[in-house]
Every structure is written in structure tokens, then in C-alpha cells.
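# Survey of secondary and tertiary structure
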Amino acid sequence: MKPLIPSDLHARPEHERFAPKLMFFGDPHGDFDPVIAAVERFQPEAIVLLGDIQARRPLQIELQSILSLTEVYWIHGNHDTDGDLDYQNLFESDLADRSLHCRIVSVAGYQVAGLGGIFRSKIWDPRRPIDEAAFQSSDAMRRTMKSHERWRDGISRKHRSSIFPDEYQRLLRSGPADILVAHEAPSAHPHGWKAIDELAVKLGVQLVVHGHHHRSVDYVGEGLMPAAAPFRAFGVDTGSHLTWPRDEPGPGGPPQDVLDLATQVFGAAAQAWLDKPHELLDGQTPATLAVGGGADRVRSMLIAIQHGGVV
Ligand SMILES: [Fe+2]
């Protein structure tokens, strides 16, 4: 994040203070309130939903209020083929052409590659050689099925969220790209895959962002990947988001987590609270204290207020 100078904070609307180019959202599972709230707050150029979207109504209706504010892109997750409605409200919505699956699209100035779905061993376990996969393509699978076994004259609905070798290889050959979004995680996650790492390296991306595992994690920041790794990787929890470029704290600004916590507690009045001298802080403002090494004290105050304390 660009450093926020306290005197600026009242003067400029929030979206002018920090307007990320891109925001990535963890698996919505039918709840779009966090997506809508974050887009209204930050007004990014574009957003990417990281799968398991499970829209209860067609996606363009769920996201109607933000379609004029940002460009919406998505990849699918394993749960997006759970039921007919999960499938229809996504793959047959007016936003169907915003799928990034198996292609590279210019999004907010970045070349973004997408790999939706999950690896299923009945199709392809990528720990095994690719030519040992049960099926190389969905079409190859379809040809083995009797007509009454098919769903809409194709493979089963479930396997429409399985990753087939031909799709993976097609994307592998489509680089270069700047960012890879995948539902599956890279190998730094305990249930992640080297195939995602290899795809990221072949595409030459600097960033991998994934959903599926319902945990927000900065793999380099948490020591799960070396800083010298060829790409940075982040997981994004359901109900959460990642902004890009990263809103790292700059010199002169309070840490981002303090700003986020203040927003959680005070909403639109967060900056006013941060800028107001506080008697418990010997007349300093929380913002000044947070910048000057007292961020823990400000966090404690915010947490106390959040839990009903009077501070
Ligand atoms: Fe998932």
C-alpha cells in the first residue's frame, strides 16, 4: 500500500488512496457480500473469483451491483459442478465468457493464466506420468461412455471440474504470463501439487494465487517457500481477498493489518479514529503511535473495542 499520511486521510476518498489493480477472492460458496463490500471499498480495475463460486442465482445477478465498478473474471472449483444450479448459474451465466480456465487473458494490465478445477485420480493423478492418465481429454472419456451415462450428451457433470491432461498441456504451451490463478494449490501447501509449480515456472509467472483450501497464506512470508523461489504464492480464504499489487505497509504509514482491523471495527469512520488524539495514548493519535513502533498497542485497543470494551 502506498504510505498513508495521516493528514491526507480525511481529504481523499478511500478508493483514491489505494486503488489496487486486481483483487482475488477466495471461494465464495454462494456468499457474495464480502466480494461486493470489498469492490465498493477499493474499486479495483478487475477481480478474480478463485472457484467454488456456487452462485444461487446467475452470477451476473449475484454481482449486479458491482458490474459497473470493476471487471469480473473467474475460475471454477470442484464444487461448481456439485449440482445443476451450481453449474448453470456459473457456466451458463452472462459472465460465462469471463472464465480464465485454460487461457491467458490481459486483465488490468497483467497477463493472467487460469486453471480451474481439481486433479482427480480417476482422470489424472499428476504425480504419475501424463501418458498414464486414465483419459487424456474429456472427449476421450466421453467416447468410452454409453449415451445413457452421459450428462447433456457429454461427460458427467462432476468431471467437468476435473483437470484433464490436454487442458493442462494446452495452458502450459500458452505462456508467457504474469500471474497464474488456480483452484488447486502449489506444492508449498500440504495438499498442493508440483504440477502447479511446474506450470507456474513454465509460464514464467511471478505470482500464483489459489483458493480451495480455505486459508489465507503468504507462502514466502510464512517461511513455507524460500524468498528466492521463482514465484510468490498466496492462498486466499473464503470470505477474504488478496489485493495486487500488494498493499505492503510503506514508510510513514500504519501497518496494513492495523488499517484493516480499524476498518473492521469502525467501518467508514476508521481513519477518523486513527487520526484522533487519544487520552489513553498520552494524546497521540493511534496512527502516529502505530507508525512509531506502537502498532501492538493500537491492535490491542482495536481488539478490545471489537469485543465490546470501552477504550
Ligand atoms: Fe474447492
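Below: a short report on this structure. Note that the structure is a prediction, hence the values are computed from the model and not measured.

This brings us to the pattern of salt bridges. Using the criterion set out here, one finds 13 salt bridges in the structure. Across the pair E92 and R152 runs a salt bridge whose closest N-O atoms are separated by 2.2 Å. Of this pair, E92 sits in the loop between α5 (84-91) and β4 (104-107) while R152 sits in the loop between α6 (138-143) and α7 (165-172), and the two are 60 residues apart along the sequence. Of the residues examined, R152 reaches a relative accessible area of 42% and is grouped as partly exposed. One salt bridge connects D125 with R127, and the closest N-O pair in it is separated by 2.9 Å. Here R127 falls in the exposed class, since its relative accessible area comes to 66%.

All right, on to the nonpolar core then. Core analysis: the largest hydrophobic core is formed by 33 residues, its most contacted members being L115, L180, I196, V205 and V208. Broken down by element, this core gets its largest block of residues, five residues, from helix α8 (residues 194-203). Among residues more than four places away in sequence, those in contact with L115 are I75, H101, C102, I163, Y168, L171, L180, V181, A182, H183, I196 and L199. L50, V105, I179 and V236 belong to the second largest nonpolar core, which has 21 residues in total.

Moving on, we get to the coordination of the iron ion. In this structure, D52 (OD), N78 (OD1), H183 (NE2) and H212 (ND1) serve as the protein donors to the iron ion, at separations of 2.1 to 2.2 Å. One can describe the donor arrangement at the iron ion as irregular, given that its four donor atoms subtend angles of 90 to 157° at the metal. All donors of the iron ion come from a single chain, and their spacing in sequence reads D-x25-N-x104-H-x28-H. With a gap of 29 residues between them, H183 in the loop between β6 (179-182) and α8 and H212 in the loop between β7 (207-210) and β8 (217-218) connect regions that are remote in the sequence. On the basis of relative accessibility, which here comes to 0%, the residue H183 falls in the buried class.

We now examine the sheet that holds strand β3 (residues 71-74). For sheets, the rule is that strands pair by backbone hydrogen bonds, running either parallel or antiparallel. With mixed pairing, four strands are arranged side by side in an open sheet as β3-β2-β1-β10. Each edge of the open sheet is held by one strand with a lone partner, namely β3 and β10 (241-244). The mean angle between the axes of side-by-side strands here comes to 20°, regardless of whether they run parallel or antiparallel. Pairing of strand β2 (residues 46-49) with β3 involves four bridges; the strand directions are parallel. Residue pairing across strands places I47 opposite V72, the latter belonging to β3. Packing against the sheet, helix α3 (residues 33-42) makes contact with β1 (22-25), β2 and β10, and its axis sits at approximately 165° to β1.

What counts and what doesn't
- Residues numbered from 1 in each chain as written.
- Predicted model: local features only at pLDDT ≥ 70, side-chain atom pairs only at ≥ 80, totals over all residues.
- Heavy atoms only, no water.
- Salt bridge = Lys/Arg side-chain N within 4 Å of Asp/Glu carboxyl O.
- Helix = DSSP H or I, 4+ residues; strand = E, 2+ residues; numbered from the N terminus.
- Buried < 20%, exposed > 50% of the residue type's maximum accessible area, 1.4 Å probe, protein only.
- Core = buried A, V, L, I, M, F, W, Y, C linked by side-chain atoms within 4.5 Å.
- Contact = heavy atoms within 4.5 Å.
- Donors = N, O, S within 2.8 Å, 3.2 Å for Na, K, Ca; no water.
- Tetrahedral: all angles 85-135°; square planar, octahedral: opposite > 155°, others 65-115°.
- Pairing = 2+ DSSP bridges.
- Axes fitted to C-alpha atoms, helices over the stretch in contact; angles between N-to-C directions.

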